[in-house]
Amino acid sequence: MRAIILTSVLGVVLTACSSDQAQLDGDGVSRNGPNEFEILPMRPLVMPESLALPTPVTGVANRADPTPLIDAIVALGGRAS
């Protein structure tokens, strides 16, 4: 019985010393997530004339991202041309 208690206490102590635990602020909220203030919008937000969803059309450019392939190439260090 003593060995079980000693093993349990040792496990709790070693877990408390672990460096993998999330860093908690004073309010108990983890601060290891992404920083929302580091996200930069690529284009300004635009309010559409109508909030109704348009019908999908094949082969038409996306209004939010008209050149996704070129944007991805440039983001990875390539040239737009």
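Residues numbered from 1 in each chain as written. Predicted model: local features only at pLDDT ≥ 70, side-chain atom pairs only at ≥ 80, totals over all residues. Heavy atoms only, no water.

1. Description of the overall build of the chain
Thinking step 1. Check the secondary structure of the chain and you find 2 helices and 0 strands.
Thinking step 2. Roughly 8,100 Å² of accessible area belongs to the chain as shown, and the carbon and sulfur atoms make up 65% of that amount. (Helix = DSSP H or I, 4+ residues; strand = E, 2+ residues; numbered from the N terminus. Areas by Shrake-Rupley, 256 points an atom, 1.4 Å probe, with all protein chains shown as cover.)

2. Here's the deal with the layout of surface pockets
Thinking step 1. Approximately 510 Å³ is the volume attributed to the largest pocket.
Thinking step 2. Partitioning the lining of the largest pocket into residue classes produces 13 nonpolar, 3 polar and 2 charged. (1 Å grid on protein atoms, 1.4 Å probe; cavity = no way out; pocket = protein on both sides within 12 Å on 5 of 7 lines; lining within 4 Å. Points joined across faces, edges and corners; volume = space filled by probe spheres on them. Nonpolar A, V, L, I, M, F, W, Y, C, P; charged D, E, K, R; others polar.)

3. A closer look at a nonpolar patch on the surface
Thinking step 1. A contiguous nonpolar patch, built from M1, I5, V9 and V13 and spanning about 420 Å² of accessible area, is present on the exposed surface.
Thinking step 2. You can see V13 is positioned in helix α1 (residues 2-16).
Thinking step 3. For V13, a relative accessible area of 42% corresponds to the partly exposed category. (Patch = residues over 30% accessible without salt bridge, like charges linked within 9 Å, V, L, I, M, F, W, Y side chains within 5 Å. Salt bridge = Lys/Arg side-chain N within 4 Å of Asp/Glu carboxyl O. Buried < 20%, exposed > 50% of the residue type's maximum accessible area, 1.4 Å probe, protein only.)

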